[in-house]
Amino acid sequence: MNRGTGGGAVAAGFSLLFFSFLFGPLIIMVITAFNSSSFPRITPWECFTTEWFAVLFANDRLMSGLLNSLVIAVSVVAIAVPIGLAGALALSELSSRLRAVLYTVLITPILIPGVVLGISTIVFWGALGRGVGAEYGSFFFDGMFLTLAGQVTFISAYAMLVFLARLQRFDPILTEAALDLGATPGQAFRKILLPFLGPAIGSATFLTFLASFENYNTTVFTILSGNTFTTALASKVRHGTDPSLSALAVIIIGVTLIGAIVHEAHTRRKEVLRTGIARRSRIYGNPVLKTLVHPLTVFLILAGIAGLATWQGTRHDASVCKQQVLDDKRARQQELLEEQRRKMQEQQKTTAPVSAPAGAAGKANPSPFGGAFSPNGLTPGREEPAPADAPAKANPSPFGGAFNPNGLKPSQ
Amino acid sequence: MPGGNPSGIHQAFPQSVQPFFESVMATKDIVLDHVSIRFGAYTAVDNAHLVIKGGEFFSFLGPSGCGKTTLLRCISGFSDPTEGRVLIGGQDMKGIGPNKRPTALIFQNLALFPLMSVSDNIAFPLEVRGVGRKDRRKRADELLEMIALPGVGDKKVHELSGGQRQRVAIARALAVEPDILLLDEPLSALDLKLRHHMRTELRTIQQQVGLTFIYITHDQGEALTMSDRVAVMNAGVIEQVDPPESIYNRPKTSFVASFVGESNAIEGKVASQAETLVSIETPLGRLQGQAAGGRQYKAGDDCILFIRPEQLSIGDGLPNAVTANWVKEEFEGNSRQLFLEANGVPLRLSRVNLGGTADTRSGAVVPVGFAPDQAIVLPHGVLAGA
Amino acid sequence: MQALQTAFKQIAGKHGLGAATFVGVAVLIWVIFLIALPQIAMLDYSFRFNLPASDVGGPQDVYTLDNYAYFFQGNDGTVNTLDIGILVRTLIAAVFVTCIDILLCYPIAFILAHSATGVAARMMVIGLIVPFWVNEILRAFAFRVLFGATGLINGVGMSIGLWDQPVDFIRADVALYSGLTYAYILLMVFPIFNAVEALDRNQIEAARDMGASWWRVHWRVVLPVAKSGIASGATMVFMLTAGALAAPQILGGPSSLWFTQLIYQWFNESANWQRGSAYAVILLIVCISFVMMLMRVFKVSIGEIGR
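Residues numbered from 1 in each chain as written. Chains lettered and ligands numbered in written order. Predicted model: local features only at pLDDT ≥ 70, side-chain atom pairs only at ≥ 80, totals over all residues.

Engineer: Run through the overall build of chain C, naming residues and quoting values.
Structural biologist: Per the secondary structure count, chain C includes 14 helices and zero strands. Ordering the α and β elements of chain C from the N terminus gives α-α-α-α-α-α-α-α-α-α-α-α-α-α. Long-range pairs, those at least 24 residues apart, make up 68% of the contacts in chain C between residues at least 6 apart in sequence. (Helix = DSSP H or I, 4+ residues; strand = E, 2+ residues; numbered from the N terminus. Contact = placed C-beta atoms within 7 Å.)

Following this line, the structure appears as structure tokens:
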């Protein structure tokens, strides 16, 4: 070990564990989206289903929250990116003592707990509103405006950090050169500095959008009685969960992965073109392969796969399988019930079934046919005569009757 | 827009450009009128007072930190002098920004815009003056022709070699026909061979366009080979302004004598002076040399006698004979450097390599001497590198 | 003021009057209306009584220490062990989570900076970032799926016979700590990575060449360089963990509250904004003083945060 390179095997092993910690929970969540069990879980596996996507899109609160979130996120980007740029420019010009003071002031919104920011925002604008005698319906008391103000406070600092990092690599000599060549300061700013900051503007836009969209701690206070996507999501998670949230995760992770892969294809291509090794490279030298690894092609392929999966998903019908699982359970419960009845006839204390989620179903519909289906077990079959009314009655949870193949909109 | 006359040159550049510049240059003298530049208590440039003539290749030579770049930035307009005036063509430049002066600066790292193509770089000065896209392109092509890089206009800057970038930077600076080109150690990033090549090239371009070049360098080779006149600076003070030969052969201060070229410095006290011939008392005995610039010394003045290594020769019966001990010899290809020592004073002697091998051994006694008219006696002062 | 004027002139001279005006106005709005005044308003609010709207501004609307007194003494004058306990527990838990994150992220940052090359390094960076594009709530939800009574771990554990009753990971706060550790990993990896990356690889090799063992190389060569990154990451992770709301709400056990949840309750359940503000001020002051203290101990300046 003392002559090794820090331990190749150890490093690889640690990395592997680390990334399983990062991805494990996400993968498991993704899998639960396709289990028909009404609680998100993998074991026991019941049926492959796509119905949770339909449940997800049928959730009005989430969908209206999504609209609010998008409006807020776009506004936050439009305000926080310029403010962050201004902050970074100011810092780069100040004398070192003043710079340290301003940096501390501008960086604190990142360190202040989000709840504190949220509270201070509503308290301040409320007081200001009362101070100018604004009505209760005015923007001082509007959840959207307050959320915007609260989020811009700290998200601007994120943008500023992005710009500062980029500005550090800017050679101020370039501005001087532009001035010397006859440009006005404004021209130098527009033609030299802004183009240089271009990539930073891109990443700051992305970062601020994401930060705004995901924010919970501040927003939960500032949105007041309204809802954003994230607050609606949180209240849903807090008040009982179902796998439609996993379905949401599937969509977000899918979009994220497509984005990451396309971005990677884009940077690689740029890198190869920039270094000029394109002609020597095996992939970029071949015209077919070159087209294949073009970011647009990559995107189209991935989007096509996602679209196909969605289309397939809408056609998938898990009702038969679910019915079997249900009947299976019911039969087992029936057996258990009979057994208990026989054993504890004199006491008659409890007849409640043991296993949790489908327990209610067992009680609600003590079907006399239950046992009849048990021999067929889990094998799905079209010829199986499924009792039409059983699922709806048997299961009070939203998925039963709500299943609707057309509810899932294809992404194209 | 002083100096900005984008339509002034539109024919093929190399042929037409010369008469145009010649007609303007006489009026474009640069006057540094008692210029001092201070940052707080620190004086970066102390009372610089000189005239740079239009069309001249003028160099500021000095060690790093001597204030030469500060002075250049003052001429180009990035700062104003604390005291004194900068006049260009008779006009006081105070308060006139770098974008309004008839100067163009070539930065040490060239400051080519990395996100623009070569053409866009060269045409940038025209772009900010509102010249149309077509005219810009045409002018850029002319300039690329002039710097012998036709056809690279669409390349990105990072695709060019060091020497090519150098030439593009010059083309960009020349795009709007400035009166004065300021160059801040532009060759320092190049390798040795290219640096030597670019010296010749810069000088050729300067003679071709006939502009005033003000060149900043710490490399005496560059200053001596290219310049019409050289100003040697030390610690904010201009020590001497002269043509290169005078700088080397007739230094006026001990700093110049020690900074430019190699020199043996022998400290002593003046014994007597007859005409320009000064006798001084040194640890090596009484030696004679020329009083620099016709100075008059009094007996007992502290002074230094400078003698170039190549002016020292080995042999008996020479004037200013000194008995030295052999320390070591360094072989430099075309020359041999002999390191000697006499009574605690190190001496260096340079001989042309005529083949053969060194024959003297450590500690051996070597008689040396030099002609009095090759040695220069200067008042005691700061030495370079001391 | 003088210095600000100089800075304004400098920006105007360099980037033009338009740019300078934009910078000045934007920064002023940000600092005054978004950062300073809201905090001052909250502070002011925390010293007031919770009055009905009609009494606001009336003779009863005077300053009071009541809200702070409540935190320390409760209603009956005895020590408010419940709320103080929650604050202390929150801080200890945040320190715990921060330490776990340092232990997890230091090796990864080092591997990323000095062992991984080419494709592997790029994949690692993408692998680090992608999970954090997923909503914070969903990430917490994933841990609930993992650790719930009918979650994967209980399911697997019970089916292979490790235990026969579902273990309540939620009540034991295992889920909460895992979720919090997970939530801010990225904010720990990148500051350390940035610091360690600046280290010249030759230094490590030189140290090895001179016979130092690998842990000594880390202790003497790498850690001193990584220190500023660790401090920066630890500050952010600590502050965010102590101020976390979503994860404790989703993953926290029913009996153990996070301090932010207390604040949330004062606002949204008791409708006592004044007391909520006071609690928010307490959280802010305690967290910042704690971080300042640690920064002094480890000799890092705030200027290094966020690099």
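Engineer: With reference to specific residues and values, describe the interface of chain A and chain C.
Structural biologist: Facing 87 residues of chain A, the contacting portion of chain C comprises 76 residues. At 12 residues, the largest contribution of residues to the side of chain A that touches chain C is made by helix α1 (residues 8–32) of chain A. Residue composition of the side of chain A that touches chain C, by class: 58 nonpolar, 24 polar and five charged. (Nonpolar A, V, L, I, M, F, W, Y, C, P; charged D, E, K, R; others polar.)

Engineer: Describe the nonpolar core, with residues and values.
Structural biologist: In this structure, Ala 109 and Ile 192 of chain C are the most contacted members of the largest nonpolar core, which totals 272 residues. Per element, the largest residue contribution to this core is 15 residues, and it comes from helix α3 (residues 60–93) of chain A. (Core = buried A, V, L, I, M, F, W, Y, C linked by C-beta atoms within 7 Å. Buried ≥ 20, exposed ≤ 12 C-beta atoms within 10 Å, placed from the backbone.)

Engineer: Describe the interface of chain A and chain B, naming the residues involved and giving the relevant values.
Structural biologist: Between chain A and chain B, the contact holds 14 residues from the first and 19 residues from the second. Looking at the side of chain A that touches chain B, the elements that each hand over two or more residues are α7 (172–180) and α8 (185–214) of chain A. Per-element accounting of the side of chain A that touches chain B gives the leading share, six residues, to α7 of chain A. The residue inventory of the side of chain A that touches chain B, partitioned by class, reads nine nonpolar, three polar and two charged.

Engineer: Requested: an account of the domain arrangement of chain B, with residues and values cited.
Structural biologist: Note on interface size: it is often stated as the accessible area lost on association of the parts. Residue and element names in this part refer to chain B. For chain B, the domain assignment lists domain 1 (13–249) and domain 2 (254–379). Contact with domain 1, which involves seven residues of that partner, is made by five residues of domain 2. Residues that form the side of domain 1 that touches domain 2 fall into these classes: three nonpolar, three polar and one charged. (Domains from an automatic or database assignment.)

Engineer: So, the sheet that holds strand β3 (residues 57–61) of chain B: which residues are in play, and what are the values?
Structural biologist: Residues and elements named next belong to chain B. Pairing is mixed in the open sheet, where six strands are placed in the order β6-β7-β8-β3-β9-β10. Because the sheet does not close on itself, it has two edges, and the strands there are β6 (103–106) and β10 (237–242). Between one strand axis and the next, the sheet turns through 20° on average, direction left out of account. In this structure, β3 lies alongside strand β8 (residues 212–217), joined through five bridges in parallel fashion. Across the sheet, residue Leu 61 finds its bridge partner in β8, namely Thr 217. (Pairing = 2+ DSSP bridges. Axes fitted to C-alpha atoms, helices over the stretch in contact; angles between N-to-C directions.)

Engineer: An account of the sheet that holds strand β5 (residues 91–92) of chain B is needed here, citing residue identities and associated values.
Structural biologist: Residues and elements named next belong to chain B. Read from one edge of the open sheet, four strands run β2-β1-β4-β5, paired in antiparallel fashion. Pairing within the sheet leaves two strands with one partner each, and these edge strands are β2 (42–52) and β5. Pairing of strand β1 (residues 30–39) with β2 involves seven bridges; the strand directions are antiparallel. If you follow Val 35 over to β2, its bridge partner there is Ala 48.

Engineer: Quick rundown of the domain arrangement of chain C? Include the residues and the values.
Structural biologist: Residue and element names in this part refer to chain C. Segmenting chain C into domains produces domain 1 (1–46) and domain 2 (80–304). Measuring from the centre of the C-alpha atoms in domain 1 to the corresponding centre in domain 2 gives 33 Å. Contacts between the two partners involve four residues from domain 1 and, on the opposite side, six residues from domain 2. Here the side of domain 1 that touches domain 2 is built from residues that sort into three nonpolar, one polar and no charged.

Engineer: Mind laying out the environment of Leu 287 of chain B, listing which residues take part and the relevant values?
Structural biologist: All names here are of chain B. Positionally, Leu 287 belongs in strand β13 (residues 285–291). The exposure class assigned to Leu 287 is buried, which follows from the 24 C-beta atoms found within 10 Å. Taking the C-alpha atoms as reference, Leu 287 lies 53 Å from Arg 101; in sequence the two are 186 residues apart. Residues contacting Leu 287, with those up to four places away along its chain left out, are Ile 266, Ile 280, Thr 282, Leu 305 and Asn 320.

Engineer: Please provide a residue-by-residue account of the packing of helix α5 (residues 114–131) of chain A against helix α2 (residues 17–46) of chain C, values included.
Structural biologist: Two quantities define a packed helix pair, namely the angle between the axes and the distance from one axis to the other. Their axes nearest at 8 Å, the elements α5 of chain A and α2 of chain C cross at an angle of 85°. By the angle class used here, α5 of chain A and α2 of chain C are roughly perpendicular. Between α5 of chain A and α2 of chain C, the contacting residues are Ile 119, Ser 120, Thr 121, Val 123, Phe 124 and Ala 127 of chain A on the first element and Leu 37, Pro 38, Gln 39, Ala 41, Met 42 and Tyr 45 of chain C on the second. (Parallel < 35°, antiparallel > 145°, perpendicular 65-115°, else oblique.)

Engineer: Please provide a residue-by-residue account of helix α1 (residues 2–15) of chain C, values included.
Structural biologist: For α1 of chain C, with 14 residues, the first-to-last C-alpha span of 20 Å sits near the 20 Å given by 1.5 Å per residue. Within α1 of chain C, burial applies to Ala 7, Ile 11, Lys 14 and His 15 of chain C. Each buried residue of α1 of chain C lies within a common arc of 75° when the element is viewed along its axis, so the set occupies one face. Facing away from the buried surface of α1 of chain C by more than 90 degrees, the exposed residues are Gln 2 and Gln 5 of chain C. In this structure, the buried residues of α1 of chain C make contact with α3, α4 (96–111), α7 and α8 of chain A together with α2 of chain C. Gly 16 of chain C lies just past α1 of chain C and shows a positive phi near 100°. (Expected span 1.5 Å × (residues − 1). Arc of directions from axis to C-beta.)

Engineer: Summarise the confidence of the model for chain C; cite the residues concerned and give the values.
Structural biologist: Mean pLDDT over chain C: 79, with 88% of residues reaching 70 or higher. Considering each helix and strand of chain C separately, the mean pLDDT is smallest for helix α7 (residues 152–159) of chain C, with a value of 72, and largest for α2 of chain C, with 86. (pLDDT = per-residue confidence, 0-100.)

Engineer: Can you explain unusual backbone geometry? Please cite residues and give values.
Structural biologist: All names here are of chain B. A positive phi angle, close to 50°, is found at His 34, a residue other than glycine. Among the structural elements, His 34 can be located in strand β1. Positioned with a positive phi, Leu 110 is a non-glycine residue whose angle comes to about 75°. The topology assignment puts Leu 110 in the loop between β6 and α3 (118–127). Taking the number of C-beta atoms within 10 Å as the measure of exposure, Leu 110 has 21 and is therefore buried.

Engineer: So, the environment of Leu 91 of chain C: which residues are in play, and what are the values?
Structural biologist: Residue and element names in this part refer to chain C. Mapped onto the fold, Leu 91 is located in helix α4 (residues 81–115). Along the sequence, Leu 91 and Thr 241 sit 150 residues apart, while their C-alpha atoms lie 8.8 Å from each other. In this view, Leu 91 contacts Ala 242 and Phe 290; residues no more than four positions away in its chain are not counted.

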